[in-house]
Amino acid sequence: MNVFAKQGQKRRDAMWSVCPTSLYVHIPFCQSRCFYCDFNTYVAPPSLMESYTEALVQELAWLGKEAQQPLQTVFFGGGTPTRLPIPLLKKVLAAVRAYFPLAPDVEWTVEANPGSTDVGKLETLLEAGVNRISFGAQTFSERLLMSIGRIHNVDDIASSVERAQSLGFQRINLDLMFGLPEQSKADVEESVKCALSLHVRHISAYWLKVEEGTPFFQWQAADQLPLPGEDAEADMYGQVRELLESAYLRQYEISNFAERGAEARHNLVYWRNEPFFAAGAGAHGNVNGTRYENVSSLLEYCQMVANGRLPHASAISETYAEAAETTMILGLRLRDGISLRRFEERFSAVPQQLFGEVWESLFQQGYLQQKGDFVSLPLQYWAVSNEIFEKFVATVTED
């Protein structure tokens, strides 16, 4: 049974016929919730972790029946996947291996909070085949870690990275954030230099985005959140880029830096708007042109699976226009940009046909540039990329 059947349309995205070779697994548990976080996360008792693990293993079994090719990438996100006790973590890791074929060179990433990865958990990950770990460092300032609600300290970051490296993890990412309340350029510089001193092969650097429903949102509404401001944040972004690129990490995406060959292959699937399976409460997947979202409630998720039902909150058939626009917007986040040849092969049309005057106007204003087969965003406009991306929304017709 194909549970992701695609309805016929006049024009088609060739990717609708491609079976995913990537899998996202959501582990929604945290020791506490950060003040900026709007992800689907919970502080839950062990009994609920056990029930969730059972349901997740069953959903993975269902999805595995849809897999036609070996998985090239697997990503465990959260939450904090390493929050799971070792027996439950082993069950989920084993389920992926049991129900999906894996490519010999599969990239398997697990997110972790510094301080949540003792030797036992790291060895569990390695034994299962996990070969990439992503630590949510966020900042190397004790003051700022406390102000954003993180539970680890600066020493935890270094010790976690060094422990993982000593056990054999060669691919490690550190997440950093800027634009934090009362953060200065000196704070940002210190964090970047500390991250570089650990010799990781990948660093992600994100703007703080204040999301509705978070403590930060409430404090901002009450004028109690002293943010640096847009100009200062733009300066911080430029500072991050300069420091990382002048070291040994190349910026290959708006927020991501890596040694050549160490780019996040799983995230490239998202930026190229390619299909992927997703499992877990609140997870979002894209299969056969159907974008689906699982229910976010842990209890509802477990109950639906126990009743033999896919835990979907929604499943929407993507239109040709949406696919083309999303592919362009996400692809322009990459330094290399969009391959015109691959775009035409995928959509049976060149961008000029689909985006018309918008395409021409962006070139005339210098917001787009072409080098050989690739069209990209000039680096000086990355700080205002969202304003450029908005130009592509609702520009393609279904005729």
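Analysis parameters
Residues numbered from 1 in each chain as written. Predicted model: local features only at pLDDT ≥ 70, side-chain atom pairs only at ≥ 80, totals over all residues. Heavy atoms only, no water. Helix = DSSP H or I, 4+ residues; strand = E, 2+ residues; numbered from the N terminus. Rg over C-alpha atoms; globule rule 2.2 N^0.38 Å. Buried < 20%, exposed > 50% of the residue type's maximum accessible area, 1.4 Å probe, protein only. Areas by Shrake-Rupley, 256 points an atom, 1.4 Å probe, with all protein chains shown as cover. Pairing = 2+ DSSP bridges. Arc of directions from axis to C-beta. Contact = heavy atoms within 4.5 Å. Polar contact = N/O pair within 3.5 Å; in protein donor to acceptor, adjacent residues only side chain to side chain. Expected span 1.5 Å × (residues − 1). Axes fitted to C-alpha atoms, helices over the stretch in contact; angles between N-to-C directions. Parallel < 35°, antiparallel > 145°, perpendicular 65-115°, else oblique. Left-handed = near helix turned anticlockwise from the far one by under 90°. Phe/Tyr/Trp six-rings, centres within 6.5 Å; stacked < 30°, edge-to-face > 60°.

1. A word on the overall build of the protein chain
The secondary structure content of the protein chain amounts to 14 helices and 15 strands. Taking 21 Å as the expected radius of gyration for a compact globule of 399 residues, we find that the protein chain reaches 21 Å, a close match to that expectation. Principal axes of the C-alpha set define a box for the protein chain whose edges measure 55 × 55 × 45 Å. Among the 399 residues that make up the protein chain, the fraction classed as buried is 53%. As displayed, the protein chain offers around 17,600 Å² of accessible surface, 49% of which is attributable to carbon and sulfur atoms.

2. A short note on the pairing of strand β5 (residues 171-178)
Most of β5 sits out of view: eight of its eight residues are buried. The alternating pattern of β5 places Arg171, Asn173, Asp175 and Met177 and Ile172, Leu174, Leu176 and Phe178 on opposite faces, both of which are buried. Bridging between strand β4 (residues 132-138) and β5 involves five bridges; their strand directions are parallel. Looking at β5, one finds that Gln138 is bridged to Leu176. Sheet topology note: the β5/strand β6 (residues 202-207) ladder contains six bridges and is parallel. Each bridged residue has a counterpart across the sheet, and for Met177 the counterpart in β6 is Tyr206.

3. Concerning the sheet that holds strand β14 (residues 369-371)
Across the sheet, three strands lie side by side as β13-β15-β14; this open sheet has antiparallel pairing. Unpaired on one side and paired on the other, β13 (338-339) and β14 mark the two borders of the sheet. Pairing between β13 and strand β15 (residues 374-376): two bridges, direction antiparallel. Each residue of the ladder has a partner; that of Ile338, found in β15, is Val375.

4. With respect to helix α10 (residues 298-306)
Quick reminder: α-helices carry 3.6 residues per turn. Residues three or four places apart thus point the same way. Among all positions in α10, only Leu298, Tyr301, Cys302, Met304 and Val305 are buried. Down the axis of α10, the sector holding all buried residues measures 165°, keeping them to one side. Exposed and oriented more than 90 degrees from the buried face of α10 are Leu299 and Ala306. Elements in contact with the buried residues of α10: α1 (46-64), β11 (290-294) and β12 (312-317). N-cap assignment for α10: the residue whose side-chain oxygen lies 3.4 Å from the backbone N of Leu299 is Ser297. Looking one or two residues beyond α10, the residue adopting positive phi is Gly308, at roughly 80°.

5. Description of helix α2 (residues 86-99)
With 14 residues, α2 ought to run about 20 Å at 1.5 Å a step, and its terminal C-alpha atoms sit 20 Å apart, in line with that. Among the residues of α2, those classed as buried are Leu88, Leu89, Val92, Leu93, Ala95 and Val96. End-on, the buried residues of α2 take up no more than an arc of 150°, which puts them together on one face. Turned more than 90 degrees from where α2 packs its buried face, Pro87 and Ala98 sit exposed. Its buried side turned inward, α2 meets β1 (22-27), α1, β2 (71-78), β3 (102-112) and α3 (119-128).

6. Concerning the packing of helix α11 (residues 320-331) against helix α12 (residues 340-347)
Look at α11 against α12: their axes get within 11 Å of each other, and the N-to-C directions meet at 165°. By the criterion of interaxial angle, the relationship of α11 to α12 is roughly antiparallel. Here α11 runs over α12; the crossing is right-handed. Facing α11, whose interface residues are Tyr320, Ala323, Ala324, Thr327 and Met328, α12 presents Phe343, Arg346 and Phe347.

7. Notes on the packing of aromatic side chains
Geometry of an aromatic ring pair is reported as the spacing of the ring centres plus the angle between the planes. Within the structure shown, the criterion is met by 20 aromatic pairs. On the basis of an interplanar angle of 65° and a centroid distance of 5.2 Å, the ring pair of Phe35 and Trp219 is categorised as edge-to-face. Placement of Phe35 in the loop between β1 and α1 and of Trp219 in helix α7 (residues 215-221) is noted, with a sequence separation of 184 residues between them. Residue classification places Phe35 among the partly exposed residues on the basis of a relative accessible area of 26%. Between the aromatic rings of Tyr52 and Tyr301, the centroid separation amounts to 5.2 Å while the plane-to-plane angle is 35°, which identifies the pairing as tilted.

8. Things to note about the sheet that holds strand β10 (residues 284-287)
Within a sheet, neighbouring strands are paired by backbone hydrogen bonds and run either parallel or antiparallel to one another. One open sheet holds the three strands; their spatial order is β10-β11-β12, and the pairing between them is antiparallel. Pairing within the sheet leaves two strands with one partner each, and these edge strands are β10 and β12. Strand-to-strand twist in this sheet, taken as the mean axis angle between neighbours without regard to direction, amounts to 20°. Pairing of β10 with β11 involves four bridges; the strand directions are antiparallel.

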